[in-house]
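Structural features, examined
Okay, here's what each chain looks like letter by letter:
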Amino acid sequence: MKICVIGSGYVGLVTGACLANLGSHVTCVDKDPEKIESLSAGHIHFFEPGLEEMVKFNLKNGRISFTSDLDRAAKDADVIFIAVGTPPKRDGSADISSVVRAAGDIAKTMKKLKSRKGLYKIIVNKSTVPVGMGDIVTKILKRSGIPGRSFSVVSNPEFLSEGSAVSDFMNPDRIVIGASDTKAFDAITQLYRSLNAHIIFTDIKTAEMIKYVSNSFLATKISFVNEIANICERIGVDITAVAGAIGLDQRIGKKFLNAGVGYGGSCLPKDVSALVNVAKNAGYRAQLLKGVNEINEKQIDRFAARIRAYFPGAAGKKIAVLGIAFKPGTDDIREAPSIKLMKKLKAMGFAVSCFDPAVKKSHVPGITASEDVYCALKGCDAAAFVTEWPQFKQLNFELARNTMKKPVIFDGRNMLNPGVMREQGFKYFGVGR
Ligand code: UGA
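Residues numbered from 1 in each chain as written. Predicted model: local features only at pLDDT ≥ 70, side-chain atom pairs only at ≥ 80, totals over all residues. Heavy atoms only, no water.

Details of the packing of helix H5 (residues 97-112) against helix H6 (residues 133-143)
At a minimum axis separation of 9 Å, H5 and H6 run at an interaxial angle of 35°. Between H5 and H6 lies a crossing whose hand is right-handed. Of H6, the residues touching H5 (which contributes Val99, Val100, Ala103, Gly104, Ile106, Ala107 and Met110) are Met133, Val137, Ile140 and Leu141. Residues that form the contact of H5 with H6 fall into these classes: 10 nonpolar, one polar and no charged. (Axes fitted to C-alpha atoms, helices over the stretch in contact; angles between N-to-C directions. Helix = DSSP H or I, 4+ residues; strand = E, 2+ residues; numbered from the N terminus. Left-handed = near helix turned anticlockwise from the far one by under 90°. Contact = heavy atoms within 4.5 Å. Nonpolar A, V, L, I, M, F, W, Y, C, P; charged D, E, K, R; others polar.)

Shown next as structure tokens:
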């Protein structure tokens, strides 16, 4: 099948590259000509394991190409994916303007092809959108004079996690296809046939809702475990033992029960807020979901307060923040807890150094990122672990202790063993332990 993907950001590029790898001919479109030039040369503008190799491989075998020209890309495409951003607006609702623009552009392109006999394209929404967006896309096309028989609109949400997106795409837990006709459903199912995945066929609105609810449930698990961690901390119980034990109950599940400084990234915080807004617009106050984001926002404040409480005077004290990316395996810093922490520590009067294996700038004015973890630790009164990069667990802790002014660790991800750290001469503080 011939595929056109509008938007060569994170979702669009992973989708395009993986579909090309599965055998489709893919043209990725982006309005940024510089991005297109660099992608055409096989360079990816962000870090995602395995993606660059996959793009290069498919560029070589001619199954993927990049262009700014939607007309050219969409002309012969059987399927057009919309994979553009839906960032949060001030009130927490999703900004759908890029999706609306993409739908308008598709309509313009299809208008030029209107005289073509048997014109039919499937427009698939991959962007995370409020429930009802499928209807809006349909209306945009119809209003532009494109007859209903010439297109189908499908919702096919993505469930990729940054840092493991390629492997998530190739080994999905499920593929959700929301469509209003079996012709479109069958065609999209064909795209994924070699993945042998559990495919769910539903209506468009339900598919849109499944996406929001998946991310909101993951966020709820994290805020739940963080709330329990805050209780554990006060009553002398270790959250990691509690979470480990409850996670063995298959109804609860082990994943997403790591207490810490909370969730960041471009998806979980945004999608919880957006679902709160969807509820509000439908006349319902989503109390639990509001609480989920509130607990998350406070979690980093608590962590900063804990550091502050340990040092009665911040002046002259230096904290090394280890990890800047919002999670390991990526260089994405959107909504990163590390940045919020650095700002807070700075405002409290601490000097701050930082290091991340993939992010080379602190993104906080006045704080410089170190080239090396031991440089960041040099002369510090404490180290705060904020991103659970595996290499942080493999540090030479003897060297770290000797490099630091004071051997104090605040483990914002509960990634280190408290007993081992204490044996190595560190004062250790985790979250909820
Ligand atoms: C999330 C979802 O996990 C994906 O399924 C979804 O497709 C994606 O959003 C999206 O909508 O595009 P992602 O934002 O890449 O993926 O990151 P997650 O792995 O969900 O992690 C989010 C945050 O939660 C990170 O800051 C992580 O450190 C934190 N986290 C995760 C915890 O604090 N505790 C945990 O137990 C797990």
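Quick word on the packing of aromatic side chains
Counted under the stated rule, the structure contains 11 aromatic pairs. Seen from their ring centres, phenylalanine 169 and tyrosine 192 are 6.0 Å apart, and the 45° between their planes marks the pair as tilted. You can see phenylalanine 169 sitting in helix H7 (residues 165-170) and its partner tyrosine 192 sitting in the loop between helix H8 (182-191) and strand E8 (199-202), a full 23 residues away along the chain. Overall, the relative accessible area of 3% leaves tyrosine 192 in the buried class. Seen in terms of ring centroids, tyrosine 310 and phenylalanine 410 are 5.9 Å apart; in terms of plane orientation they differ by 80°. Their pairing is edge-to-face. One end of the pair, tyrosine 310, is in helix H12 (residues 287-310); the other, phenylalanine 410, is in strand E12 (residues 408-411), and 100 residues separate them in sequence. Put simply, the rings of Tyr310, Phe311, Phe350, Phe410 and Phe429 pair up and form one aromatic cluster. (Phe/Tyr/Trp six-rings, centres within 6.5 Å; stacked < 30°, edge-to-face > 60°. Buried < 20%, exposed > 50% of the residue type's maximum accessible area, 1.4 Å probe, protein only.)

Here's the deal with the side chain of asparagine 293
For asparagine 293, the position within the fold is in helix H12. If we skip the residues at most four places from it in the chain, asparagine 293 touches Tyr263, Pro269, Val272 and Ser273.

Quick word on the layout of surface pockets
Estimates place the volume of the second largest pocket at around 260 Å³. Residue lining of the second largest pocket: 14 residues in total, with Thr240, Leu257, Asn258, Arg413 and Asn414 positioned closest to the centre. Residue composition of the lining of the second largest pocket, grouped by class: five nonpolar, five polar and four charged. (1 Å grid on protein atoms, 1.4 Å probe; cavity = no way out; pocket = protein on both sides within 12 Å on 5 of 7 lines; lining within 4 Å. Points joined across faces, edges and corners; volume = space filled by probe spheres on them.)

Here we look at unusual backbone geometry
The phi angle of most residues is negative, glycine excepted, and most peptide bonds adopt the trans form. Not every positive phi belongs to a glycine, and asparagine 196 is a case in point at roughly 55°. Note on placement: asparagine 196 falls in the loop between H8 and E8. You can call asparagine 196 exposed: its relative accessible area is 74%.

Observations regarding the sheet that holds strand E2 (residues 25-29)
Read from one edge to the other, the open sheet built from eight strands follows the order E3-E2-E1-E4-E5-E6-E7-E8, with strand pairing classed as mixed. Pairing within the sheet leaves two strands with one partner each, and these edge strands are strand E3 (64-67) and E8. On average, adjacent strands in this sheet sit at an angle of 25° to one another, irrespective of strand direction. As paired elements, E2 and E3 share four bridges and run parallel to each other. Bridged to cysteine 28 within E3 is phenylalanine 66. Sheet strands in contact with H5 are strand E1 (2-6), strand E4 (79-82), strand E5 (121-125) and strand E6 (151-155), and its direction is about 155° off that of E4. Strands E6, strand E7 (175-179) and E8 of the sheet are contacted by helix H9 (residues 204-235), whose axis makes an angle of about 145° with E7. (Pairing = 2+ DSSP bridges.)

Quick notes on the site of the ligand
Around the ligand sit 20 residues in total, of which Glu158, Leu160, Glu162, Lys211 and Asn215 are the nearest. The separation between an oxygen atom of the ligand and a polar main-chain atom of asparagine 258 is 2.9 Å. At 2.8 Å, a side-chain N or O of lysine 327 approaches an oxygen atom of the ligand. Considering the ligand on its own, with 720 Å² of exposed area, one finds that the protein chains cover 92% of that surface. (Near = heavy atom within 4 Å. Polar contact = N/O pair within 3.5 Å; in protein donor to acceptor, adjacent residues only side chain to side chain. Areas by Shrake-Rupley, 256 points an atom, 1.4 Å probe, with all protein chains shown as cover.)

What to know about the state of the cysteines
Counted according to the given criterion, the structure contains zero disulfides. Unpaired in terms of disulfides, cysteine 354 finds its nearest cysteine sulfur in cysteine 380, a separation of 10 Å. (Disulfide = S-S within 2.5 Å.)

Examining a nonpolar patch on the surface
A surface patch of nonpolar side chains, amounting to about 260 Å² of accessible area, comprises Ile231, Ile235 and Val237. Considering the arrangement of structural elements, one finds isoleucine 231 in helix H9. (Patch = residues over 30% accessible without salt bridge, like charges linked within 9 Å, V, L, I, M, F, W, Y side chains within 5 Å. Salt bridge = Lys/Arg side-chain N within 4 Å of Asp/Glu carboxyl O.)

Some words on the pattern of salt bridges
Where charged atoms from two side chains of opposite charge approach closely, those side chains can pair. Tallied over the full model, the rule gives 16 salt bridges. The partner of arginine 116 in a salt bridge is aspartate 76, with the nearest N and O atoms 3.4 Å apart. Of this pair, arginine 116 sits in the loop between H5 and E5 while aspartate 76 is found in the loop between helix H4 (70-75) and E4, placing the two residues 40 residues apart along the sequence. Residue classification places aspartate 76 among the partly exposed residues on the basis of a relative accessible area of 40%. Put simply, glutamate 233 and arginine 306 hold a salt bridge, and the shortest N to O gap is 3.7 Å.

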